[in-house]
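Examining the three-dimensional arrangement
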Amino acid sequence: MEVKDLEFAVNGERFKINSVDPSTSLLEFLRSNTPFKSVKLGCGEGGCGACLVLLSKYNPESEQVEEYSINSCLTLLCSVNGCSITTSEGLGNTKKGFHPIHKRFAGFHASQCGFCSPGMCISLYSALANAHRSNSSGLTVSEAEKSVAGNLCRCTGYRPIVDACKSFAADVDIEDLGFNSFWKKGESREVMLKSLPPYNPKEHLVTTFPEFLKKKKKVNNCLDHSRYHWTTPFSVAELHNILESANSGDSLKLVVGNTGTGYYKDKERFDRYVDISHIPEMLMIKKDEKGIEIGAAVTISKAIDALNEESKSSYIFKKMATHMEKIGNHSIRNSGSIGGNLVMAQSRKFPSDITTLLLAADASVYMLNGRKTEKLRLQEFLGMPPILDSKRVLLKVEIPSCTALSGDDTDLFFESYRAAPRSIGNALPYVNAAFFALVSRQEPSRKGVMVKKCLLAFGSYGGDHSIRATEVEDFLTGKLLSYSVLYEAVGLLRGIIVPSKDPEYRKSLAVGFLFEFFYPLIESSSRICSLDSGEKHSNGHVDPARSLSFLSSSQQVLESNEFQPVGEAVIKVGAALQASGEAVFVDDIPTLPDCLHGAFIYSTEPLAKIKRISFTENVTPTGVFAVLTFKDIPQEGQNIGSKTLFGPGLLFADEVTRCAGQRIALVVADTQKHADRAANLAVVEYDTKSLEEPILTVEDAVKRSSFFEVHPMFYPEPVGDVMKGMKEAERKILLAEFRLGSQYFFYMEPQTALALPDEDNCVKVFSSSQAPEYVHSVIATCLGIQEHNVRVITRRVGGGFGGKAVKSMPVATACALAAHKLQRPVKIYLNRKTDMIMAGGRHPMKITYNVGFRSDGKLTALELTMLIDSGMEPDVSPIMPRNIMGPLRKYDWGALSFDVKVCKTNLPSRTAMRAPGEVQGSYIAESIIENVASSLQMDVDAVRKINLHTYDSLRKFYKHISGDLDEYTLPLLWDKLEISSEFKKRAEMVKEFNMCNVWRKRGISRVPIIHQVMQRPTPGKVSILSDGSVVVEVGGIEIGQGLWTKVQQMVAYGLRMTKCKGSEKLMERIRVVQSDTLGLIQGGFTAGSTTSENSCEAVRLCCAILVERLKPTMDQMLMEKSGSVTWNMLIQQAYARSVNLSASTLYKPEFSSMEYLNYGVGISEFAGGGGPYDRKNRDFKIRYHL
Ligand SMILES: Cc1cc2nc3c(=O)[nH]c(=O)nc-3n(C[C@H](O)[C@H](O)[C@H](O)COP(=O)(O)OP(=O)(O)OC[C@H]3O[C@@H](n4cnc5c(N)ncnc54)[C@H](O)[C@@H]3O)c2cc1C
Ligand code: FES
Ligand code: FES
């Protein structure tokens, strides 16, 4: 057999690699060895879709090209030998012209920070290409919606993304598409259609398979395994020989899609990989009247297609296919194999859906064991000791056909269930189940049904592998179904399902599934209820295969010409660039070959002395350059990694670690992979002798009086006399208690920084931060150098949500320390696990309250105690009392008193997380209102309404920030929304629906909000260049919120005041550039929802200065010239007259406008549950007014 080099194409470009570490992923290669940076590393686990690429494979026999999306973070480089890869910039780019997908993503406002967008575009492209190949009528709306089901977006919200996708669907009703910048509301269908960037499959399905690869594909190209440590057998016999001849000392790994590493990170390095995805026997799909055989290397996608084709002969197969469409996402199913899934379930207790389905379908497997091939029932296979020894190989699965079993008086039922955090896309089930039942109708009434046979499989419930509940099966077999029989069966099942985690919840799910399956067979008379939607349900049982439309929307934007272009719905600056993946994030900045990479070693103990840091077996792992701890901080510097108004935070733990997750050291290595691996291999020796017990709960903190001080400025005053209010109360709820948990930010771009040492003791740091000014000053303090020696640059941030404010500082500081000490460029790109462990996230808290109220629901007094878990450092936690009390005061509580403790515990410090305190404050208020309503058995909406503030009570609760009477618009909004949403009618319909339906339930809720806005000083700088183009700098950071776009609009508006000809078209001449802490100082934090507003005001002031400076030139020119003056003429003349055309300012809000109240009302309507635990059939509507 001819031995070939590893060769493939990326965006048509040829890549030939001489040798490579076989564990190298396609993503690592693309990001480090090619200019194609659209492939982003979000999770590295197949869970986010940021790394998607299109894989094209050529079949020399059929001369056909097969194309599908794959996760480049999981795909091993050697497995793409002979393939062609297309990334988002390969579809279109700035030079070639953007692809219609990019253009429509931009126009539908479907890309905020843009980190997820290239992956989204690939998903959509792949769906379009597939639809084009398999269906001449093109993509359907349902396919378009599902195309991005496996892609996470943390900023944009899926509505605009799905609108962009649906715009390509052949059956789309164009009027259903939401707000966009292509057409205005009310325009005709023809105009709308014409305004969309054109898409023509012949022209825009652009991927072509390179000729040089077609030639390569004509031979069985097997890589030289001495160079690549990668072997590709082409038959079972060859595979057997490879396994036999493997040195006993060699570690060997069988791979198909390698998606298993998304769940189980390989700890050890393997000496050799054996790619079993080219063995015909393992790739076959054979169907006959006996059933279907599926080779173990067949991908889940191909298995689904085959099972779907079988639907005519066996509806079980169709049901299985429907369930399997919920496994992972498109790309995982495109590369993950059936065999890989089964082996993971068998050997590593993976919570598999496939094993549960196959158990209920009575499937068997064939296994290669030495030279022998064994056939085993699936339950036998699952019950064996783990087979992951690379000696035994799963060859195929056999699923029998059961159609012959049903007859005149027998019926066959098959149903499967899964409860997961999300109904479609990337969520492993909490519990799954699949049931097969053969039942006979009993004569003479033919009303009852007898169970002749049943197979009841349950899986993924946090126990071992999937199981059959044989005791329940035996109990039910031969019985006439009745409620008492079912009740006994449920009792038996409760003893069989023994989950290791959340046992009650998971047991109740399993029981619910069983009940849901058999219940309709008992209830012969079906209650049919008519819904407003016109749907009909029998016993509330909904066909899970029913295709639902997931998202629809409408949005209204009020525009006025007065401040044009401010407020216009323009395309976000750089949106198409983000979609094509050319937008540069910190990790996309090309690095020099001598760049080193860092990874943190963090503590696993909450409170302990650190005795020693070493590596496993005392061997320094490959590639390690240095391990830096607090001892490496220069003498003139300080061990500081962050700072806020409330004090500094440590960069590294010193002698003692104070929480699990605290940074102990930074490993610096030649590659990020080596640094991460070394950090994993680190061994930290701890000593807890003579230390107190760690404080791990707020109750512990109270016992030991461990609190952070809160300045009175951040501790609002109580309102009214609570004792009096309690006396006036006719009813009371006393000592009610509840807790709120924490939450992780999940910015799609992990924390990252790149530091470059510079001449004369300087350092330049690129940081993905919401607070570069603070990063700057922390670095200078840590290194003990003057602030003018440091320069921090932030162009854009791939999502922040508060997590890239304080928490970005230690990452950039550690990076700067390493670069400063080693005098080499250093980059840190946190892996998702480290990021999550160190992040801290939202503040968890415990709330206890007493509330007094009258019988009509009017509140008289609220007394609150709050214990906030702030972790080990103050961070921004002392602002929490203020932030919680802001929205909580949205109701007139009569009187309000509170005791808020900011607890210091041995946990990672919590920080500002998307509306910090606001979310909790609003939640607390609503929980109390709900509790009051339920204790009075009143409609909660009525309790809310009666407690809305009057202007007088508003002043009592919010004092000077209440504004004037006419500014208090909340009651108006409350009534307006009631009319526009037909709230009362809907609430009645909800009541009626709930009375009629057993399983599906609806709810409707109207909630007010009062948001206390606080403005902060913000700098801005506007400079006009000699050609009339304009460059703008602002303190605010573009984190996806569209700050640059709003600033650009404001500058265009501001400079329009020169009134020269053509100045209304200035938008495209303005560029907002990256934040540079030496170029524009005092940038502050980008947070609190006011940075865009403040940055706009700063640049408006700059424009006013420039307009003033340009005025004499303009007047002079108007006097000298009879015609009008154009913008370019004005600027040329101003340059000739040496007018200063750069203006900067620091906008300082006036005291009177520093804080103000914002009001909003939202209505949400929810319908859910085809069964009590079913997340399949849900409907959610939100309507709001601000
Ligand atoms: C993000 C994500 C979401 C997922 N969601 C779900 C889900 O919802 N439900 C679900 O059921 N699964 C889910 N999975 C699991 C997925 O189905 C499996 O990862 C996939 O099927 C494994 O196939 P593979 O070809 O990639 O296996 P590989 O990763 O190549 O192999 C997995 C393991 O099995 C061994 N192996 C593979 N084939 C054989 C064989 N024929 N004989 C012996 N050993 C073999 C390999 O050596 C390896 O140890 C998810 C996975 C990911 C990454
Ligand atoms: S799926 Fe690959 S990086 Fe998240
Ligand atoms: S735009 Fe999707 S993650 Fe930011």
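Residues numbered from 1 in each chain as written. Chains lettered and ligands numbered in written order. Predicted model: local features only at pLDDT ≥ 70, side-chain atom pairs only at ≥ 80, totals over all residues. Heavy atoms only, no water.

- As recorded in an unreviewed UniProt entry, the protein goes by the name indole-3-acetaldehyde oxidase, listed as coming from Eutrema salsugineum.
- Looking at the protein in UniProt, the text filed under Subcellular location (unreviewed entry) is "Cytoplasm".
- The annotation that UniProt attaches to the protein under Sequence similarities (unreviewed entry) is "Belongs to the xanthine dehydrogenase family." (UniProt positions renumbered as here; feature names shortened; annotations may be inferred.)

**With respect to the overall build of the protein**
- Scanning the protein for helices and strands turns up 38 helices and 45 strands.
- For the protein, the C-alpha radius of gyration of 32 Å lies close to 32 Å, the compact-globule estimate for 1186 residues.
- In terms of overall dimensions, the protein has a C-alpha envelope of 95 × 80 × 80 Å along the principal axes.
- A fraction of 75% describes how many contacts in the protein between residues 6 or more apart in sequence connect residues 24 or more apart.
- By element, 52% of the accessible surface of the protein is carried by carbon and sulfur atoms, the whole surface being about 49700 Å².
- Between the centroid of the 140 positive side chains of the protein and the centroid of its 133 negative side chains there is a distance of 1 Å. (Helix = DSSP H or I, 4+ residues; strand = E, 2+ residues; numbered from the N terminus. Rg over C-alpha atoms; globule rule 2.2 N^0.38 Å. Contact = heavy atoms within 4.5 Å. Areas by Shrake-Rupley, 256 points an atom, 1.4 Å probe, with all protein chains shown as cover. Lys, Arg positive; Asp, Glu negative; His and termini not counted. Charge placed at Lys NZ, Arg CZ, Asp CG, Glu CD.)

**Side note on the site of ligand 1**
- Around ligand 1, the surrounding shell holds 35 residues, and the nearest of these are Leu254, Thr259, Gly260, Ser337 and Asp353.
- Within the side chain of Thr259, one N or O atom sits 2.5 Å away from an oxygen atom of ligand 1.
- For ligand 1, whose accessible area on its own is 970 Å², the fraction buried by protein is 96%. (Near = heavy atom within 4 Å. Polar contact = N/O pair within 3.5 Å; in protein donor to acceptor, adjacent residues only side chain to side chain.)

**Some points on the sheet that holds strand E42 (residues 1075–1076)**
- Strand order in the open sheet formed by 8 strands is E24-E28-E22-E34-E31-E32-E33-E42, with mixed pairing between adjacent strands. The open sheet is flanked by strand E24 (624–628) and E42, the only strands paired with a single partner.
- When strand E22 (residues 596–602) meets strand E34 (residues 826–829), the two strands line up parallel, connected through 3 bridges. Looking across to E34, one finds that Gly598 is bridged to Ile828.
- Contacting E22, E24, strand E28 (663–669) and E34, helix H23 (residues 672–681) runs over the sheet at an angle of about 20 degrees to E22.
- Lying on the sheet, helix H28 (residues 832–839) is in contact with E22 and E28; it crosses E22 at an angle near 45 degrees. (Pairing = 2+ DSSP bridges. Axes fitted to C-alpha atoms, helices over the stretch in contact; angles between N-to-C directions.)

**Observations concerning the packing of aromatic side chains**
- Considering all chains together, one arrives at 33 aromatic pairs under this definition.
- Connected via pairs of aromatic rings, a cluster forms that spans Tyr417, Phe435, Phe458, Phe513, Phe517 and Phe518.
- Across the ring face of Tyr264, the terminal group of Arg348 is positioned such that the distance to the ring centre comes to 4.1 Å.
- A cation sits over an aromatic face here: Arg1002 above Phe993, 4.6 Å from the ring centre. (Phe/Tyr/Trp six-rings, centres within 6.5 Å; stacked < 30°, edge-to-face > 60°. Lys NZ or Arg CZ within 6 Å of the ring centre and 35° of its normal.)

**A closer look at the confidence of the model for the protein**
- For the protein, the mean per-residue pLDDT works out to 91, and 93% of the residues sit at or above 70.
- Below a pLDDT of 50 lies the segment residues 525–550, which in the model reaches 52 contacts outside its immediate sequence neighbourhood of four places, other chains included. (pLDDT = per-residue confidence, 0-100.)

**Quick word on the UniProt feature "binding site: FAD" (unreviewed entry) in the protein**
- UniProt records the feature "binding site: FAD" (unreviewed entry) for Ser337, Ile338, Gly339, Gly340, Asn341, Asp353, Leu394 and Arg418 in the present numbering. Taken along the chain, the residues just named run across 82 residues; in space they spread out, the farthest C-alpha pair reaching 25.9 Å.
- Once residues within four sequence positions are removed from consideration, Ser337 is found in contact with Val256, Ala296, Ala297, Val298, Thr299 and Ile300.
- Of note is the side chain of Ser337, whose polar atom sits 2.9 Å from the backbone nitrogen of Gly340.
- Note that Asp353 resides in the loop between helix H16 (338–348) and helix H17 (354–360).
- By relative accessible area, which is 4% here, Asp353 ends up buried.
- Ignoring anything within four residues of it in the chain, the contact list for Asp353 reads His323, Ile327, Arg418, Pro429 and Asn432.
- A distance of 2.8 Å separates polar atoms of two side chains, one belonging to Asp353 and the other to His323. (Buried < 20%, exposed > 50% of the residue type's maximum accessible area, 1.4 Å probe, protein only.)

**Topic: the domain arrangement of the protein**
- Once the domains are mapped, the protein shows domain 1 (6–213), domain 2 (283–524), domain 3 (698–744 + 841–963) and domain 4 (1018–1148).
- Look at where the C-alpha atoms of domain 1 and domain 2 centre, and you get two points 34 Å apart.
- On the side of domain 2, 11 residues touch domain 1, which itself brings 15 residues to the contact.
- Between domain 1 and domain 2, a total of about 940 Å² is buried, with carbon and sulfur atoms accounting for 48% of that surface. (Domains from an automatic or database assignment. Buried area = accessible area lost by both parts, 1.4 Å probe.)

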